[in-house]
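Chain and residue survey
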Amino acid sequence: MKYYGVFGNPIAHSKSPLIHRLFAEQTSQQISYEPLLAALDGFPEAVAQFFSNGSGANVTVPFKEQAFALADQLSQRAQRAKAVNTLKKLSDGSLLGDNTDGAGLVNDLLNNNVVLAGKKILILGAGGAVRGVLEPLLAQGPAEVCIANRTVEKAEQLAREFADLGHMTAAGYDWIDAPVDIIINGTSASLSGELPPLANTLVKADHTVCYDMMYSKQATVFNQWAQQQGAARTLDGLGMLVEQAAEAFYLWTAVRPNPAPVLQQLRAQL
Ligand code: ATR
C-alpha cells in the first residue's frame, strides 16, 4: 500500500480523494489517498510528517507557494508557475515539486477539440491561477496570449516574464474589444458571482470558445455572459480539475488513468 493525500486548509470538501480513489480502482493500484488538513502556520511540519511514509501529495489553497519553497527539486513548469500542486518523494528521499494545473487545462481543452495552435487567446486575470497555466498553454503554440487584468501592472509583469515562450501582450479590460478565438477566465471574480467589465465584441458569435477555470452546477457567471454573447462553446474547470489529478497520478504511479468516466461521475454529483 502506498500513501497519498491532498494538503489544504480548508480541505474537507476537496474532490481530489474521490478522483484519485476512482483512478486507483480503474487502474488496480493499491493506494490510499486522504485529505490532509495542515495548520495555516504548520505546513512544512505537516509535509515532513506525512512523507515519513507517504509517497506523494497534492497541494491546494493556500499552500501552493509554500510547497514551491520547500520542494528539493522543481519541474520546469513548477519553476515557471512559482507554485507546486504535486509533491513526489523520490528514491533518495528528496521531494520533487511539480505543477500539473496547466497540463490539466490544456488537456481538457484538447479533449474538447479546442485547437490552441495559431489561435488568439485572451486570459482574464493575472494571479497565481493564471501564472500556473501559462507555460503549458504557450507550449501549444498559440499566435498570441493577451493577459487582461484589473490591475494592469500585474498583467504586464506576467507578459514580460513569459515573453520568451511566445507572443504575450497585456491589457486593462477597457483597452480590449477585438474578437478573439478563445477566452479563459482565470480571475477569482466568479467565486463572488462577479464578472470583469468585458466588451461585448470580444466574443465572435459561433466562433469564440469560452473557458471558465472555475466550475459550478449551473453555468458560471462568466459562462452565462459568454452564452449571451453567442459563444460557440462554453466549458468550465471541472475537466481541468480531473485532468490535473490524472497528470499527478501519472507522475506518482507511471500509470495513466482514463479521466473521462471520472469526470462524468463528478459532473453527475455536482
Ligand atoms: P488566484 O490564486 O485565484 O489567481 P489571486 O492571485 O489573488 O488568486 O488572483 C486573483 C485574480 O482575480 C487577480 O487577477 C484579480 O485581479 P487584480 O490583480 O486586479 O486584483 C482577479 N479578480 C478578483 N476579483 C475580481 C473582480 N471582482 N473583478 C475583476 N478581477 C478580479
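Figured I'd write up the structure that's included with this text. Predicted model, so just to flag it, every value in this text is computed and none were measured.

1. A short note on the site of the ligand
Around the ligand, the surrounding shell holds 13 residues, and the nearest of these are Ala129, Asn149, Thr151, Lys154 and Glu194. With respect to the ligand, the backbone of glycine 128 contributes an N or O atom lying 3.0 Å from an oxygen atom. In this structure, an oxygen atom belonging to the ligand sits 2.5 Å away from a side-chain N or O atom of threonine 151. Taken by itself the ligand offers 650 Å² of open surface, and the protein chains cover 72% of this. The class makeup of the residues in the shell around the ligand is three nonpolar, seven polar and three charged.

2. A look at the packing of aromatic side chains
Each aromatic ring pair is summarised here by two numbers: the centre-to-centre distance and the angle between the ring planes. Under the criterion given, the structure shown has eight aromatic pairs. Centre to centre, the rings of phenylalanine 7 and phenylalanine 50 are 5.8 Å apart; their planes meet at 85 degrees, and the pair counts as edge-to-face. Here phenylalanine 7, found in strand S1 (residues 2–8), pairs with phenylalanine 50, found in helix H2 (residues 43–50); they are 43 residues apart in sequence, far enough to count as distant. Arranged with centres 5.1 Å apart and planes meeting at 85 degrees, the rings of phenylalanine 50 and phenylalanine 51 form a pair that is edge-to-face. Taken together through their ring pairs, the aromatic side chains of Phe7, Phe43, Phe50, Phe51 and Phe63 make up a single cluster. Its end group placed over the ring of phenylalanine 162, arginine 80 keeps NZ or CZ at 5.4 Å from the ring centre. In this structure, arginine 256 is placed above the aromatic ring of tyrosine 250, and the distance from its NZ or CZ to the ring centre is 3.9 Å.

3. What to know about the sheet that holds strand S6 (residues 95–98)
Read from one edge to the other, the open sheet built from six strands follows the order S2-S1-S3-S5-S6-S4, with strand pairing classed as mixed. The open sheet has two edge strands, strand S2 (31–37) and strand S4 (73–74), and neither has a second partner. As paired strands, S1 and S2 are joined by seven bridges and run parallel to one another. Pairing of lysine 2 across the sheet is with isoleucine 31, part of S2. Of the strands in this sheet, S1, S2, strand S3 (54–59), strand S5 (86–89) and S6 are in contact with H2, which crosses S1 at around 170 degrees.

4. Remarks on the nonpolar core
In terms of nonpolar packing, the biggest core is built from 27 residues, with Leu109, Leu134, Leu137, Ile147 and Ile184 touching the most fellow members. Secondary-structure elements contributing two or more residues to this core are helix H5 (101–111), strand S7 (120–124), helix H6 (128–138), strand S8 (144–148), helix H7 (152–161), strand S10 (182–185) and strand S11 (209–212). If near-sequence neighbours (up to four positions away) are discounted, leucine 109 is found in contact with Val114, Leu116, Leu137, Ile184, Tyr211 and Leu235. Residues Ile11, Leu22, Ile31 and Val242 belong to the second largest nonpolar core, which totals 19 residues.

5. Let's talk about the pattern of salt bridges
As enumerated under the stated definition, the model contains ten salt bridges in all. For aspartate 164, the salt bridge identified is with arginine 80, shortest N-O distance 2.4 Å. Taken together, the positions of aspartate 164 in the loop between H7 and strand S9 (168–171) and arginine 80 in helix H4 (residues 76–81) put the pair 84 residues apart, joining distant regions of the chain. You can call aspartate 164 exposed: its relative accessible area is 55%. Among the residues examined, arginine 80 registers a relative accessible area of 17% and is labelled buried. Ionic pairing is found between aspartate 236 and arginine 267, a salt bridge with its closest N-O pair at 2.8 Å. Of this pair, aspartate 236 sits in strand S12 (residues 233–236) while arginine 267 sits in helix H10 (residues 259–269), and the two are 31 residues apart along the sequence. Its relative accessible area of 38% is what places arginine 267 among the partly exposed residues. In the salt-bridge network here, residues are joined through shared partners; they are Arg77, Asp98, Glu247 and Arg256.

Definitions and cut-offs
- Residues numbered from 1 in each chain as written.
- Predicted model: local features only at pLDDT ≥ 70, side-chain atom pairs only at ≥ 80, totals over all residues.
- Heavy atoms only, no water.
- Near = heavy atom within 4 Å.
- Polar contact = N/O pair within 3.5 Å; in protein donor to acceptor, adjacent residues only side chain to side chain.
- Areas by Shrake-Rupley, 256 points an atom, 1.4 Å probe, with all protein chains shown as cover.
- Nonpolar A, V, L, I, M, F, W, Y, C, P; charged D, E, K, R; others polar.
- Phe/Tyr/Trp six-rings, centres within 6.5 Å; stacked < 30°, edge-to-face > 60°.
- Helix = DSSP H or I, 4+ residues; strand = E, 2+ residues; numbered from the N terminus.
- Lys NZ or Arg CZ within 6 Å of the ring centre and 35° of its normal.
- Pairing = 2+ DSSP bridges.
- Contact = heavy atoms within 4.5 Å.
- Axes fitted to C-alpha atoms, helices over the stretch in contact; angles between N-to-C directions.
- Core = buried A, V, L, I, M, F, W, Y, C linked by side-chain atoms within 4.5 Å.
- Buried < 20%, exposed > 50% of the residue type's maximum accessible area, 1.4 Å probe, protein only.
- Salt bridge = Lys/Arg side-chain N within 4 Å of Asp/Glu carboxyl O.

Remember, this is a structural readout, not a statement about activity or role.
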